[in-house]
Amino acid sequence: MAHITFPPPYLPPDQVAAHLRSTGYAVLRPEDTAAWIGCPAADLEALHADWQALPPDEFLKDGGRYRRRRHACFVSDGQGGDVHPVPHRAHWQPLEYNALHGGMERWFAPMQESTTARPAWRSLLAALARVSQEALAQRPERWFLEAHQFRIDTTDGIGRPTPEGAHRDGVDLVAVFLVGRQGIKGGETRIFEAAGPSGHRFTLSEPWSLMLLDDARMIHETTPIQPLGDGPGFRDTLVVTCRRGGFQQEAAATPAA
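1. So, the pairing of strand β1 (residues 25-28)
Here β1 shows a buried face lined by Y25 and V27 and a second buried face lined by A26 and L28. Relative to strand β9 (residues 209-214), β1 runs antiparallel, the two sharing four bridges. Looking at the pairing, Y25 lines up with L213 of β9.

2. Quick look at helix α2 (residues 30-37)
Among the eight residues in α2, six count as buried, and that is most of the element. Within α2, burial applies to P30, D32, T33, A34, W36 and I37. Where α2 is buried, its residues touch α1 (16-23), β1, α3 (41-46), α5 (119-136), β5 (173-182) and β9.

3. Regarding the packing of aromatic side chains
Applying the stated criterion across every chain, the model contains four aromatic pairs. With 5.5 Å between their ring centres and 85 degrees between their planes, F59 and F108 make a pair best called edge-to-face. Pair noted here: F59 is in the loop between α3 and β2 (67-76) and F108 is in the loop between β3 (83-85) and α4 (113-116), with a separation of 49 residues, a long-range link. On the accessibility criterion, F59 (23% relative accessible area) is partly exposed. Residue class for F108 comes out buried when judged on its relative accessible area of 4%. Aromatic pair F144 and F247: ring centres 5.2 Å apart, planes at 80 degrees, arrangement edge-to-face. Placement of the pair is F144 in strand β4 (residues 143-153) and F247 in the segment after β12 (234-244), with a sequence separation of 103 residues. Take F144 and F247: they sit in the same class, and that class is buried. The ring centre of F108 lies 3.8 Å from the NZ or CZ of R69, which sits over that ring.

4. Details of the sheet that holds strand β8 (residues 199-202)
Taking strand neighbours across the sheet as the criterion, the three strands line up as β8-β7-β10 in an open arrangement whose pairing is antiparallel. Each of the sheet's edge strands pairs with one partner strand only, and the pair in question is β8 and β10 (218-222). On average, adjacent strands in this sheet sit at an angle of 15 degrees to one another, irrespective of strand direction. Sheet topology note: the strand β7 (residues 189-193)/β8 ladder contains four bridges and is antiparallel. Within the sheet, the bridge partner assigned to T189 lies in β8 and is F202.

5. Notes on the packing of α1 against α5
Two numbers describe how α1 lies on α5: the axes approach to 9 Å, and their chain directions differ by 50 degrees. In terms of their interaxial angle, α1 and α5 are classed as oblique. In the crossing of α1 with α5, the sense of the turn from one axis to the other is right-handed. Counted together, V16, A17, L20 and R21 of α1 and V131, E134 and A135 of α5 form the full contact between these two elements.

6. Description of the environment of L173
Tracing the backbone shows L173 in strand β5. Under the relative-accessibility criterion, L173 is labelled buried at 0%. In the structure, L173 is positioned 40 residues away from L213 in sequence and 5.7 Å away in space, judged by C-alpha atoms. Excluding residues within four positions of it along the chain, L173 makes contact with L20, L128, V131, S132, L136, L212, L213, V240, T241 and C242.

7. Considerations on the environment of V16
You can see V16 is positioned in helix α1. For V16, a relative accessible area of 1% translates into the label buried. As a C-alpha pair, V16 and V27 span eleven residues in sequence and 7.8 Å in three-dimensional space. If near-sequence neighbours (up to four positions away) are discounted, V16 is found in contact with L11, A26, L28, W36, V131 and L212.

Cut-offs and rules
Residues numbered from 1 in each chain as written. Predicted model: local features only at pLDDT ≥ 70, side-chain atom pairs only at ≥ 80, totals over all residues. Heavy atoms only, no water. Buried < 20%, exposed > 50% of the residue type's maximum accessible area, 1.4 Å probe, protein only. Helix = DSSP H or I, 4+ residues; strand = E, 2+ residues; numbered from the N terminus. Pairing = 2+ DSSP bridges. Contact = heavy atoms within 4.5 Å. Phe/Tyr/Trp six-rings, centres within 6.5 Å; stacked < 30°, edge-to-face > 60°. Lys NZ or Arg CZ within 6 Å of the ring centre and 35° of its normal. Axes fitted to C-alpha atoms, helices over the stretch in contact; angles between N-to-C directions. Parallel < 35°, antiparallel > 145°, perpendicular 65-115°, else oblique. Left-handed = near helix turned anticlockwise from the far one by under 90°.

Shown next, in the form of structure tokens:
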């Protein structure tokens, strides 16, 4: 049976903020992602080498072994100024937003300094903080960013990019960069209005294509992946969330940096 895919609803980079405000989402093709961030496409492509040795995710409650990841946190003033890292911290979400893994501190391996020190990385984070400010805020905000490097593989036959199902993340902006995919089928992105009838489905297949979501308005998920041939395949993504007011944390936790 033929595997049918739907193309992403790409738009020009100068329309990102306006489209995010009006519809709750925006999708960019790779060359426009680089232009929007303000760095050469080759500098983004060079980041992919850092996905080759991600450690296993030790917190999967479904018993799977298909996910590898690293995690890091940053703070930005959102005005194009400095984006600086904060001390490594646990990733935490309430059950309201993650029924599978919510309510638990997940101490993932930290991102490597060889990644976070690159100029392209800092430019990427600054662009996300700026669009969060421009599209989603009414007054100047301090933005708290969490970055997640993911590799979902099909070593065991199937990989689940979103094992928690269709969800929101409890932040302001969600950015999903497709960093690479090889030897797989599936991995279709599905987004839905949280308070409306509209939805879209498409497959990100080009490295460094980008989807941005207003998390308050949009629910999202990605369908499982399966191998195309006899050997395993993988889907690599970078997910960055931006949130005003602090990082998500348990009420009794120490206030955010």
